[in-house]
Amino acid sequence: MLAATITGVDAADPLSGLRVGEHPDPVAPESWTVVRVRAASLNHHDIWSLRGVGTPRGATFPRVLGCDASGVDAEGREVIIHALINDPDWGGEEILDPGVTILSDLVDGTFAERVAVPRRNLVTKPESLSFEEAACLPTAWVTAYRMLFVLAGATAGSTVLVQGSGGGVATAAIMLGRAAGVRVWVTGRSAEKRARAVELGADQAFEPGVRLPERVDAVLETVGAATWAHSLKAVRPGGAIVVAGMTSGSNPPLDLERVYMAKLRIIGTTMGTRDDLEQLVKFLADNDIHPPVHSVLPLADARTAFESMLAGELFGKVVLQP
């Protein structure tokens, strides 16, 4: 079958380890099944994998990249794939499993014509979403849902700042927040991206680092070093900074005095649970929300898709079609 695989890692030249070509068909072990992929979306996790960042011990080459997808299961059901792979004996929340991994970390991922996944990882795709839209949900959108509602506790009338206006998590948070009556503010480097964010439903959009009209109830932080100081200053006393990424780099200076004097809560998360994904799918269907798709490319053009993500000029998700 056709697949986009990782054959090696290079921090300086990540695409040197990307190969698009034939790969063996998946074989489903007990309690797993094979899904025919109809659409799969890119995430920064795919770039980190090619750079060799955060790869679990025991990862082998080649393996298929990609953790997000929608498709058709062996029974003909249209499904969305939950991307986290757990120890089958783990009984708590998936994201707290010490052995949890993401599709493509240790097993073949979704940038292929077919993928093997645990049966429990399948969530029914609603008719209201296209395969391309549904493929955007399992990482960026479920992360935004968990950050906004489960961890930040945003409700109608609260104000949330989203750092970075064009990424998948940011666009999801804007649209989810607006539907729930949350006042969403965003920052963005370009005037075009700030304008697009307002079109999507952001209440206001600001240049990075500017003084805000007032402090916010929570900050959703996926940018990292470039915006961290601003996030600390932007949140009200007793507020929360929910962290789920570091696209501009890690290890920013941490103003500990501000943290304890303002009684701030700093909460980290990675993606979300299968239950979060089910709740997100229901929320989208109930509110007629459709994830924005930046572009749709054939799987054979996966390199072009990765190049567009590395260029950083996206608004919404890049989707591959086998």
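Residues numbered from 1 in each chain as written. Predicted model: local features only at pLDDT ≥ 70, side-chain atom pairs only at ≥ 80, totals over all residues. Heavy atoms only, no water.

Our next topic: the overall build of the protein chain. Tallying secondary structure elements over the protein chain gives nine helices and 18 strands in all. What you see for the protein chain is a C-alpha radius of gyration of 19 Å, in line with the 20 Å of a compact globule of 322 residues. In terms of its C-alpha atoms, the protein chain occupies a principal-axis envelope of roughly 55 × 45 × 40 Å. In the protein chain, which comprises 322 residues, the proportion classed as buried is 53%. Taking contacts inside the protein chain between residues at least 6 apart in sequence as the whole, the part at least 24 apart equals 71%. About 13800 Å² of surface is accessible on the protein chain, with carbon and sulfur atoms providing 50% of the total. (Helix = DSSP H or I, 4+ residues; strand = E, 2+ residues; numbered from the N terminus. Rg over C-alpha atoms; globule rule 2.2 N^0.38 Å. Buried < 20%, exposed > 50% of the residue type's maximum accessible area, 1.4 Å probe, protein only. Contact = heavy atoms within 4.5 Å. Areas by Shrake-Rupley, 256 points an atom, 1.4 Å probe, with all protein chains shown as cover.)

Sheet strands pair by backbone hydrogen bonding; their relative direction is either parallel or antiparallel. Pairing is antiparallel across the open sheet formed by three strands, whose spatial order is S2-S1-S4. Each edge of the sheet is formed by a strand with only one pairing partner; in this case those strands are strand S2 (18–22) and strand S4 (63–64). With two bridges joining them, strand S1 (residues 2–6) and S4 adopt antiparallel strand pairing. Note on S4: the bridge partner recorded for isoleucine 6 is arginine 63. (Pairing = 2+ DSSP bridges.)

What follows covers the pattern of salt bridges. One pass over the structure, following the stated rule, counts 11 salt bridges. When the shortest N-O distance is used, the salt bridge between arginine 120 and glutamate 94 registers 3.8 Å. Of this pair, arginine 120 sits in the loop between strand S9 (114–118) and strand S10 (122–124) while glutamate 94 is found in the loop between strand S7 (84–85) and strand S8 (101–102), placing the two residues 26 residues apart along the sequence. By relative accessible area, which is 46% here, arginine 120 ends up partly exposed. We note a salt bridge from aspartate 276 to arginine 146, for which the minimum N-O separation is 2.7 Å. Highlighted residues: aspartate 276 in helix H8 (residues 274–287) and arginine 146 in helix H3 (residues 137–151), separated in sequence by 130 residues. For aspartate 276, a relative accessible area of 5% gives the class buried. Classification of arginine 146 by relative accessible area gives buried; the value is 5%. Several salt bridges converge on common partners, so that one network encompasses Glu93, Arg146 and Asp276. (Salt bridge = Lys/Arg side-chain N within 4 Å of Asp/Glu carboxyl O.)

Here we take up the domain arrangement of the protein chain. As far as domains go, the protein chain holds domain 1 (2–138 + 272–320) and domain 2 (140–268). The straight-line distance from the C-alpha centre of domain 1 to that of domain 2 is 25 Å. Contact with domain 1, which involves 28 residues of that partner, is made by 22 residues of domain 2. When domain 1 packs against domain 2, the two sides together hide about 2000 Å² of surface, and 68% of this comes from carbon and sulfur. The largest contributions to the domain 1 side of the interface with domain 2 come from Asp276, Phe283 and Phe315, which together make up 32% of the buried area. Counting every contact that joins domain 1 to domain 2 gives two salt bridges. (Domains from an automatic or database assignment. Buried area = accessible area lost by both parts, 1.4 Å probe.)

Right, let's get into the side chain of threonine 171. In this fold, threonine 171 is placed in helix H4 (residues 168–179). Non-local contacts of threonine 171, meaning those with residues more than four positions away in its chain, are made with Ser165, Gly166, Leu200, Pro292, Phe315 and Gly316.

A word on the side chain of lysine 193. Structurally, lysine 193 is set in helix H5 (residues 191–200). Other than its neighbours up to four places away in sequence, lysine 193 contacts Ser165, Gly166, Gly312, Glu313, Leu314 and Phe315.

The next thing to look at is the nonpolar core. Of all hydrophobic cores here, the largest spans 49 residues; its most connected members are Leu137, Trp141, Leu176, Leu220 and Leu280. At 10 residues, the largest contribution of residues to this core is made by H3. Among residues more than four places away in sequence, those in contact with tryptophan 141 are Cys136, Gly168, Ala172, Met175, Leu176, Leu280, Leu284, Ile289, Pro291 and Pro292. Membership of the second largest hydrophobic core comes to 41 residues, among which are Val37, Ile102, Ala116 and Met309. (Core = buried A, V, L, I, M, F, W, Y, C linked by side-chain atoms within 4.5 Å.)

With that settled, the discussion passes to the sheet that holds strand S15 (residues 235–243). Here we have six strands laid out as an open sheet, ordered S13-S12-S11-S14-S15-S16, and parallel in their pairing. Two strands in the sheet have a free side with no partner beyond their single neighbour: strand S13 (204–206) and strand S16 (265–268). Geometrically, the sheet is characterised by an average inter-axis angle of 20° between neighbouring strands, direction not taken into account. Note: strand S11 (residues 159–162) against strand S12 (residues 183–187), four bridges, orientation parallel. Note that in S12 the partner of threonine 159 across the bridge is arginine 183. Where H4 meets the sheet, it contacts S11, S12 and strand S14 (216–221), and its direction lies at approximately 160° from that of S12. (Axes fitted to C-alpha atoms, helices over the stretch in contact; angles between N-to-C directions.)

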